[in-house]
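Structural characterization, general
What follows is the residue order along each chain.
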Amino acid sequence: MVKKPNLDAAYALQSPSENRLLYAEWAESYDHDFAKNMGYALPIRVADAFSENLNGFQNGRILDVGAGTGLVGQRLNFHGYSDIDGLDISLEMLEVAKSKGCYQHMIIGNLYSRLQIQDNIYSYIISAGTFTHGHVGPSALDELLRISKPGALFCISINSAHFVSAGFEKKFQELDEKITQLDLIPVQIYFGGEHTDGQGIVAIFRTR
Ligand SMILES: C[S@@+](CC[C@H](N)C(=O)[O-])C[C@H]1O[C@@H](n2cnc3c(N)ncnc32)[C@H](O)[C@@H]1O
């Protein structure tokens, strides 16, 4: 049965196929009923952190991972970036993103499987709201490293409680020979402070 799309249902998902089903239901109303009504700040804060931590943008492709309806892409456009692709497991979410014109290419893919993307393609990996309860865990980082160029910049949000429960700290230790300059910056997921599970981390690092 398709669960009623809301934050509680999203956090309780148990598989990529459950994600696919829930986001197919949620796509049309996500921007208004979730992002606007709940004061969802994360896409703006992650895109702003990306822009602030570049130390000089050099040409290269950006991949927005778990791009959804394109909220990160829209904010990156606002900052002047346009060479952006969006990847998501949900066709319906990407169709909403397509209507906004913020991505050059949209890729349907499951972060727990091999992506239909060649090695060493992306100079920048960005993501908001995807590494969280019920969605994507640390093992997906291996596939993202495969498709990234040496020296690529990652800027990805991770729900703080998920960071602990899903084992991101151990994963970052295991990746020590592949990544460098890891910085973990606290971030509020929502504009208002009423959400109990509203803490996130923006993980910024470069591939070696
Ligand atoms: C909370 S939404 C975030 C969307 C967008 N980044 C934002 O901040 O509004 C999480 C997104 O992750 C996608 N997702 C969940 N599991 C996935 C997987 N295994 N592979 C790729 N995308 C996935 C969902 O389809 C959804 O669009």
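What comes next concerns the included structure.

**A short note on the site of the ligand**
- Taken together, the neighbourhood of the ligand is formed by 21 residues, with Y30, Y40, G66, D88 and A128 sitting nearest.
- Here Y40 contributes a side-chain N or O atom positioned 2.8 Å from an oxygen atom of the ligand.
- Residue L111 places a main-chain N or O atom 3.0 Å away from a nitrogen atom belonging to the ligand.
- Calculation on the ligand without its partners gives an accessible area of 600 Å², and the protein chains cover 98% of this total.
- A per-class count over the shell around the ligand returns 11 nonpolar, 9 polar and 1 charged.

**Some thoughts on the packing of helix α2 (residues 16-36) against helix α5 (residues 91-100)**
- Relative orientation of the contacting elements α2 and α5 amounts to 30°, with a least axis distance of 7 Å. In terms of orientation, α2 and α5 fall into the roughly parallel class. Contacts from Y23, A24, A27, E28, Y30 and D31 in α2 reach E92, M93, V96 and K100 in α5.
- Broken down by class, the residue content of the contact of α2 with α5 amounts to 6 nonpolar, no polar and 4 charged.

**Some words on helix α3 (residues 42-52)**
- Looking only at α3, the buried set comprises L42, P43, V46, A47, D48, A49 and F50.
- At its buried positions, α3 is contacted by β1 (62-65), α4 (71-78), β4 (122-131), β5 (148-159), β6 (179-188) and β7 (199-207).

**A few points about the pattern of salt bridges**
- Taken as a whole and judged by the stated rule, the model has 8 salt bridges.
- Notably, a salt bridge pairs R114 with D119, separated by 3.9 Å at the nearest N-O pair.
- Residue D119 is classed as partly exposed on the basis of its relative accessible area of 43%.
- Several salt bridges share partner residues, and in doing so they unite R114, D119, E143 and R146 into one network.

**Some remarks on the nonpolar core**
- By size, the foremost hydrophobic cluster in this structure holds 40 residues, and its most contacted members are Y23, F34, Y40, F50, I62 and L76.
- Counting only elements with at least two residues in this core, the list comes to α1 (7-11), α2, α3, α4, α5, β4, β5 and β7.
- The element contributing the most residues to this core is α2, with 7 residues.
- Not counting chain neighbours up to four residues away, the residues in contact with F50 comprise I62, L76, Y81, Y124, I126, L153 and C155.
- Counting residues in each nonpolar core, the second largest holds 28 residues, with V136, F154, F168 and A203 among its members.

**Section: empty space enclosed by the protein**
- Throughout the structure, instances matching the rule amount to 1 cavity of 30 Å³ or more.
- Computed from the structure, the largest cavity encloses a volume of approximately 560 Å³.
- Lining the largest cavity are 41 residues; nearest its centre among them are Y23, G66, G129, T130 and H135.
- Elements with a minimum of two residues in the lining of the largest cavity: α1, α2, α3, α4, β2 (84-88), β4 and β5.

**Concerning the side chain of T69**
- Residue placement: T69 occurs in the loop between β1 and α4.
- Within the local environment of T69, its side chain forms a polar contact with the side chain of D31, the two groups lying 2.6 Å apart.
- Setting aside anything within four residues of it in sequence, one finds T69 in contact with A27, Y30, D31, M93, V96, A97 and K100.

**Looking at the packing of α3 against α4**
- Two numbers describe how α3 lies on α4: the axes approach to 8 Å, and their chain directions differ by 45°. When the interaxial angle is binned, α3 and α4 end up oblique. Relative to α4, the crossing made by α3 is right-handed. Mapping the contact onto sequence places P43, I44, A47, D48 and F50 in α3 and L71, V72, R75 and L76 in α4.
- Residue composition of the contact of α3 with α4, by class: 7 nonpolar, no polar and 2 charged.

**Observations concerning the pairing of β5**
- A large share of β5 lies buried, amounting to 9 of its 12 residues.
- Pairing of β4 with β5 involves 6 bridges; the strand directions are parallel. When the bridges of β5 are listed, I126 appears paired with C155.
- One ladder, built from 7 bridges, connects β5 with β7; its direction is antiparallel. Its bridge partner being in β7, I156 is matched across the sheet by A203.

Rules and cut-offs
Residues numbered from 1 in each chain as written. Predicted model: local features only at pLDDT ≥ 70, side-chain atom pairs only at ≥ 80, totals over all residues. Heavy atoms only, no water. Near = heavy atom within 4 Å. Polar contact = N/O pair within 3.5 Å; in protein donor to acceptor, adjacent residues only side chain to side chain. Areas by Shrake-Rupley, 256 points an atom, 1.4 Å probe, with all protein chains shown as cover. Nonpolar A, V, L, I, M, F, W, Y, C, P; charged D, E, K, R; others polar. Axes fitted to C-alpha atoms, helices over the stretch in contact; angles between N-to-C directions. Helix = DSSP H or I, 4+ residues; strand = E, 2+ residues; numbered from the N terminus. Parallel < 35°, antiparallel > 145°, perpendicular 65-115°, else oblique. Contact = heavy atoms within 4.5 Å. Buried < 20%, exposed > 50% of the residue type's maximum accessible area, 1.4 Å probe, protein only. Salt bridge = Lys/Arg side-chain N within 4 Å of Asp/Glu carboxyl O. Core = buried A, V, L, I, M, F, W, Y, C linked by side-chain atoms within 4.5 Å. 1 Å grid on protein atoms, 1.4 Å probe; cavity = no way out; pocket = protein on both sides within 12 Å on 5 of 7 lines; lining within 4 Å. Points joined across faces, edges and corners; volume = space filled by probe spheres on them. Left-handed = near helix turned anticlockwise from the far one by under 90°. Pairing = 2+ DSSP bridges.

Remember that the coordinates give geometry; whether it matters functionally is a separate question.
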